[in-house]
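Close look at the chain arrangement
One-letter residues, chain by chain:
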Amino acid sequence: MLCWLNRLHGALSAPTGRIAHLRPSSLRRRLALSSQRRIPEFSSFVARTNTCGELRSSHLGQEVTLCGWIQYRRQNVFLVLRDSHGLIQVVIPQDESAASVKKILCEAPVESVVRVSGTVISRPPGQENPKMPTGEIEIKVKTAELLNSCKKLPFEIKDFVKKTEALRLQYRYLDLRSFQMQYNLRLRSQMVMKMREYLCNLHGFVDVETPTLFKRTPGGAKEFVIPSREPGKFYCLPQSPQQFKQLLMVGGLDRYFQVARCYRDEGSRPDRQPEFTQIDIEMSFVDQTGIQSLIEGLLQYSWPSDKDPVVVPFPSMTFAEALASYGTDKPDTRFGMKKYLKRKDIESIRKFAADHFNQEVLPIFLKANRNWNSPVAKSIMEEQRSGLTRLMEIQEDDVVLLTAGEHKKACSVLGKLRLECADLLEARGLVLRDPALFSFLWVVDFPLFLPKEEKPEKLESAHHPFTAPHPSDVQLLYSEPEKVRSQHYDLVLNGNEIGGGSIRIHDAELQRYILAELLKEDVKLLSHLLQALEFGAPPHGGIALGLDRLICLVTGAPSIRDVIAFPKSFRGHDLMSNAPDSLPPEELKPYHIQVSWPADSEAKKSSLNQPYCPES
């Protein structure tokens, strides 16, 4: 058994073992070589010779077979054929001998699927289309076959044609044909593949699938509940593979990675999904710096070639600094606020603060004589005004927004007003948040605990209950736990949190104390994890990158729903299939479930053997 295990370990670890001993120059050469791949063969195994987007003048005279959708037709003389790789013009034969071919291509509705065979020819002089990659050539068709006709479309398959999001989601299989959706999903696939290469091939990570059916986890977001056939017992869909990846470290896997599906029952959130994907990572014997360096290298390696390259290392900022300077723990560092605002803008900002946050905000204008032009000036002593001017480095013609209140709330309001100021300025044509600029930032030293909103005298985890305290603050756990910093780190991109992680607690007693004494959680729910930590758990830490959010930012998509093949609506519904759906009582019976209908649905209950809806 041991001999067999050694051989398996040697076979699996050999490639990464060699890479680990390369000199930096050699490693760079290996990375460059690994990124040079042969051109994929897109027409292997299928009934075509080429794709619509690949043919050029170099293919003149070749006999080809193409398959695709009819994009549009012009005067029954030309049609444009489209597949997932591009567009090409097809010449419809006009001679009598090809009447059957002409009939097929002229009568097939737009978006019908056809297969054509013919010869690659040059377009007549002056008819070239420089806007099309295939614009110098066209296909002289000899044979054609209608593979499937398309009925009348609910909307045109063109990016410039505006559709409501509800209609797009209802007919998602049509929306996926658009250029933008094709680009988004293919770029997502390419980035994930590069991430796999970097993690598994270059750094020895092991791709492990973890269970989808699990049990309730204390703290964190609300979980989806799944009934079982045992009366009164339920599974829960995991918010993340957090416990499993820690258990894999206890099991000696050393380096774990997964493109993980995660689930959170967060209700109606405009730009959240009940099911989402994250790049989940865990390592043994690592510290915060190691995790950050890994992620910087991962993003640099997987970054799309059509974007400006990622520059590492990323800057870092403490939670306290971010809150004090930007009013948020996920600041958009693409812009400062030394910009011009008009008087009417200030009034608009004050109204915004009052309407949205019930908070009074007072502007301060610094005049040339260094005096304050502000309604608050009389209420603040000269010494205090001078101190504030020095502290904020206020210059002539600067505008300062001042508010008062509990520190975190006041900072949060000012942070949102900073973004509102940016909206106002960009509406006038100023470019503050360049979508082509990617500004990464690490935010570190978060508090380990926060007061519960509904019961401020009690604590809850700021990240999750498995996050290790900062080494310098461990003793405060037993006296002033609210002051303890954590080894939690977030990665922010352009004002959006795209990743979060921490160094974990690997000591069973410390984990038990935090759960039972500080968070007042039932430790029985985590008895399996606590027990595992007692059997020689190594120090470990990890991170999860939100893949949907990351791809959304990279592509410039307006919503994460635009980078997911089959997303839910903002209410969590699948508008295409009408999920969640009803179930008849006989299908619920094995799960020992009865639905308690609201009072206003009595008519619905009695109208039929009505299906029962589990989410009611």
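Residues numbered from 1 in each chain as written. Predicted model: local features only at pLDDT ≥ 70, side-chain atom pairs only at ≥ 80, totals over all residues. Heavy atoms only, no water.

By the naming in an unreviewed UniProt entry, the protein chain is Aspartyl-tRNA synthetase 2, mitochondrial, taken from Canis lupus familiaris. The UniProt entry for the protein chain carries the following text under Sequence similarities (unreviewed entry): "Belongs to the class-II aminoacyl-tRNA synthetase family. Type 1 subfamily." (UniProt positions renumbered as here; feature names shortened; annotations may be inferred.)

1. Overview of the sheet that holds strand E19 (residues 496-503)
With mixed pairing, eight strands are arranged side by side in an open sheet as E6-E9-E10-E20-E19-E18-E15-E11. In the strand order of this sheet, the two ends are held by strand E6 (206-207) and strand E11 (316-318), each with one partner. Sheet analysis places strand E10 (residues 275-284) next to strand E20 (residues 540-546), joined by seven bridges and oriented antiparallel. Residue pairing in the sheet places Ile-279 in a bridge with Leu-545 of E20. Lying over the sheet, helix H6 (residues 179-203) contacts E6, strand E9 (255-263) and E10, oriented at roughly 150 degrees with respect to E9. Packing against the sheet, helix H15 (residues 547-555) makes contact with E10, strand E18 (488-493), E19 and E20, and its axis sits at approximately 140 degrees to E19. (Pairing = 2+ DSSP bridges. Helix = DSSP H or I, 4+ residues; strand = E, 2+ residues; numbered from the N terminus. Contact = heavy atoms within 4.5 Å. Axes fitted to C-alpha atoms, helices over the stretch in contact; angles between N-to-C directions.)

2. Considering a nonpolar patch on the surface
A surface patch of nonpolar side chains, amounting to about 300 Å² of accessible area, comprises Tyr-173, Phe-566 and Met-576. Of note, Tyr-173 is situated in helix H5 (residues 172-175). (Patch = residues over 30% accessible without salt bridge, like charges linked within 9 Å, V, L, I, M, F, W, Y side chains within 5 Å. Areas by Shrake-Rupley, 256 points an atom, 1.4 Å probe, with all protein chains shown as cover. Salt bridge = Lys/Arg side-chain N within 4 Å of Asp/Glu carboxyl O.)

3. Comments concerning the pattern of salt bridges
By the definition in use, this model includes 31 salt bridges. A salt bridge links Asp-254 to Arg-255; the nearest nitrogen and oxygen atoms lie 3.9 Å apart. According to the relative accessible area criterion, Asp-254 is partly exposed, its value standing at 31%. Classification of Arg-255 as partly exposed rests on a relative accessible area of 26%. It is possible to trace a salt-bridge network through shared partners that takes in Arg-168, Arg-172, Asp-175 and Asp-562. (Buried < 20%, exposed > 50% of the residue type's maximum accessible area, 1.4 Å probe, protein only.)

4. Remarks on unusual backbone geometry
In this chain, Val-312 is followed by Pro-313 through a cis amide linkage whose omega measures 0 degrees. With respect to the helices and strands, the residue Pro-313 is situated in the loop between helix H8 (288-302) and E11. Along the chain, Ala-579 connects to Pro-580 via a cis peptide bond; the corresponding omega equals 0 degrees. By the secondary structure assignment, Pro-580 is in the loop between H15 and helix H16 (585-588). At Asp-254, a residue that is not glycine, the phi angle is positive and equals roughly 75 degrees. If you trace the backbone, Asp-254 turns up in the loop between helix H7 (242-250) and E9.

5. Observations regarding the pairing of E9
The pairing of E6 with E9 spans two bridges and is parallel. The residue of E9 that forms the bridge with Val-206 is Tyr-256.

6. Section: the side chain of Glu-296
By secondary structure assignment, the location of Glu-296 is in helix H8. Judged by relative accessible area, which is 8%, Glu-296 ranks as buried. Ignoring anything within four residues of it in the chain, the contact list for Glu-296 reads Val-312, Pro-313, Phe-314 and Trp-442.

7. Thoughts on the environment of Leu-529
You can see Leu-529 is positioned in helix H14 (residues 527-533). Residue Leu-529 is classed as buried on the basis of its relative accessible area, which comes to 1%. Through-space distance from the C-alpha of Leu-529 to that of Leu-247 is 7.2 Å; in sequence the pair is 282 residues apart. Ignoring anything within four residues of it in the chain, the contact list for Leu-529 reads Gln-243, Gln-246, Leu-247 and Phe-466.

8. Concerning helix H3 (residues 99-107)
Val-101, Leu-105 and Cys-106 are the residues of H3 that are buried. For H3, the buried positions fall inside an angular range of 115 degrees around the axis, keeping them on one side. Turned more than 90 degrees away from the buried face of H3, the exposed residues are Ser-100 and Glu-107. In this structure, the buried side of H3 is in contact with strand E1 (63-74), strand E2 (78-83), strand E4 (113-122) and strand E5 (137-148). (Arc of directions from axis to C-beta.)

9. So, the nonpolar core
Within the largest apolar cluster, 43 residues are counted, with the highest numbers of intra-cluster contacts made by Ile-281, Ile-295, Leu-299, Phe-440, Leu-491 and Leu-550. Secondary-structure elements contributing two or more residues to this core are H6, E10, H8, strand E15 (440-444), E18, E19, E20 and H15. No other element matches H6, which puts seven residues into this core. Once residues within four sequence positions are removed from consideration, Leu-550 is found in contact with Met-191, Met-195, Leu-299, Trp-303, Leu-493 and Ile-498. Residues Val-64, Val-90, Cys-106 and Val-120 belong to the second largest nonpolar core, which totals 22 residues. (Core = buried A, V, L, I, M, F, W, Y, C linked by side-chain atoms within 4.5 Å.)

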